[in-house]
Amino acid sequence: MNETIKNIMQRNSCRDFEAAPLTDAQVKTLVEAALAAPSAQNLQPWHVTVVTDKKFIEEMDSSGMEAMAAMEDKMYYNRIKERGGKLFYNAPCIVVISTSEAPWAPLDSGIQCQNVVLAAEAMGLGSCIVGLLRVPLDGPKGGDFKKRLKFPDGYDFAVSILVGTVKTGKEPHELDFGKVDYV
């Protein structure tokens, strides 16, 4: 089987990372994969921020968990508590994608995100696409966090990807061919 197809089929969302940091070469490869993504009209309406500062990651994690604990609907909070109580699952690296308000920016950032997770898989690393970074970014410290994440003026959070060495793995989800029609 082609290596690219193999990486697509075996990739899963890691929610338990080793503490070991990524190497500079691994981070560089993730960034290059993100920047290699195609975009509508080649507008590239994105900005990539790579966070490897463990203290900063833990600060955003704590802020997000506090905010979720205060929410009326505790579904996400309880789910994360059951998985160890860390919003970012101890990942040593978070790739944060922020975007402009360009019409196709959400789609473009999704393509960019897929490039990052497949690059991580190809390097033998685990990854998890996480939208819940939005919680601390919308919280009381959100303005400070956005400034520290170096979002350009007019850009906002789109998606984030946790990356690191897998501590506890799992099998990829089953393919559901019931979700497919052929015309």
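Coordinates for the structure precede this section.
Residues numbered from 1 in each chain as written. Predicted model: local features only at pLDDT ≥ 70, side-chain atom pairs only at ≥ 80, totals over all residues. Heavy atoms only, no water.

Chemist: I'm lost on the pairing of strand β3 (residues 126-130) in this one. Help?
Modeler: In summary, the side chains of a regular strand alternate between the two faces of the sheet. A large share of β3 lies buried, amounting to four of its five residues. Bridge analysis of β3 against strand β4 (residues 156-164) gives five bridges, and the strand direction is antiparallel. Across the sheet, the residue bridging to G126 is G164, located in β4. (Buried < 20%, exposed > 50% of the residue type's maximum accessible area, 1.4 Å probe, protein only. Helix = DSSP H or I, 4+ residues; strand = E, 2+ residues; numbered from the N terminus. Pairing = 2+ DSSP bridges.)

Chemist: How should the nonpolar core be read in this particular structure?
Modeler: Grouped burial of nonpolar side chains is what soluble globular proteins tend to show. Formed by 26 residues in total, the largest nonpolar core has its most connected members in F88, V96, L149 and L162. At the level of elements, α3 (54-70), α4 (75-82), β2 (93-99), β3, α6 (134-138) and β4 are the ones that each hand at least two residues to this core. Of the residues forming this core, the biggest block, five residues, is contributed by α3. In this view, F88 contacts F17, I57, M60, D61, I94, V130, L133, P136 and L162; residues no more than four positions away in its chain are not counted. Membership of the second largest hydrophobic core comes to 21 residues, among which are A34, C93, V95 and L125. (Core = buried A, V, L, I, M, F, W, Y, C linked by side-chain atoms within 4.5 Å. Contact = heavy atoms within 4.5 Å.)

Chemist: What is the right way to look at the pattern of salt bridges in this model?
Modeler: Two side chains carrying opposite charge are able to pair once their charged atoms lie near each other. Per the counting criterion, the structure on display carries six salt bridges. Where R134 meets D156, a salt bridge forms, and the shortest distance between an N and an O atom there is 3.4 Å. Here R134, found in helix α6, pairs with D156, found in strand β4; they are 22 residues apart in sequence, far enough to count as distant. Overall, R134 belongs to the partly exposed group, its relative accessible area being 27%. What emerges from the salt-bridge pattern is a single network uniting R134, D138, K146 and D156. (Salt bridge = Lys/Arg side-chain N within 4 Å of Asp/Glu carboxyl O.)

Chemist: What is the right way to look at the environment of F56 in this model?
Modeler: Within the secondary structure layout, F56 lies in helix α3. Distance from F56 to L22, taken between C-alpha atoms, is 16 Å for residues 34 residues apart in sequence.

Chemist: Whenever I open this one, the sheet that holds β4 confuses me. Can you help?
Modeler: The strands that make up a sheet are held in pairs by hydrogen bonds between backbone atoms, and each pair lies either parallel or antiparallel. Read from one edge of the open sheet, four strands run β1-β2-β4-β3, paired in antiparallel fashion. Bordering the open sheet on either side are β1 (46-51) and β3, each of which pairs with just one other strand. Strand-to-strand, the axes of this sheet are offset by a mean angle of 20°, without reference to chain direction. Lying over the sheet, helix α5 (residues 105-122) contacts β1, β2, β3 and β4, oriented at roughly 5° with respect to β4. (Axes fitted to C-alpha atoms, helices over the stretch in contact; angles between N-to-C directions.)

Chemist: I tried to follow the environment of K6 on my own but got confused; where do I start?
Modeler: Examined against the element boundaries, K6 turns out to sit in helix α1 (residues 3-10). Given a relative accessible area of 36%, K6 falls into the partly exposed group. Linking K6 and E121, residues 115 residues apart in sequence, is a C-alpha distance of 9.7 Å.

Chemist: How should I be thinking about the state of the cysteines in this particular structure?
Modeler: Put plainly, a disulfide is one covalent bond tying together the sulfur atoms of two cysteines. Throughout the structure, instances matching the rule amount to zero disulfides. Considering cysteine sulfurs only, C128 is the nearest to C14, which forms no disulfide, with 7.5 Å between them. By relative accessible area, which is 3% here, C14 ends up buried. By relative accessible area, C128 is classed as buried at 2%. (Disulfide = S-S within 2.5 Å.)

Chemist: Would you take a moment to explain the packing of helix α2 (residues 24-35) against α5 for this structure?
Modeler: Between two packed helices, the angle of one axis relative to the other and the distance separating the axes together describe the packing. For the pair α2 and α5, the least separation of the axes is 8 Å and the interaxial angle reads 145°. Handedness of the α2/α5 crossing: right-handed. Every residue of α5 that contacts α2 at L30, A33, A34 and L35 is listed here: Q112, N115, V116, A119 and A120. (Left-handed = near helix turned anticlockwise from the far one by under 90°.)

Chemist: What's the story with the side chain of Q26 in this structure? I'm lost.
Modeler: Here Q26 lies in helix α2. Separated by 2.8 Å, the side chain of Q26 and the backbone nitrogen of T23 make a polar contact. Those residues in contact with Q26, other than ones at most four positions away along the chain, are M123 and L125. (Polar contact = N/O pair within 3.5 Å; in protein donor to acceptor, adjacent residues only side chain to side chain.)

By themselves, these figures tell us nothing about what the structure is for.
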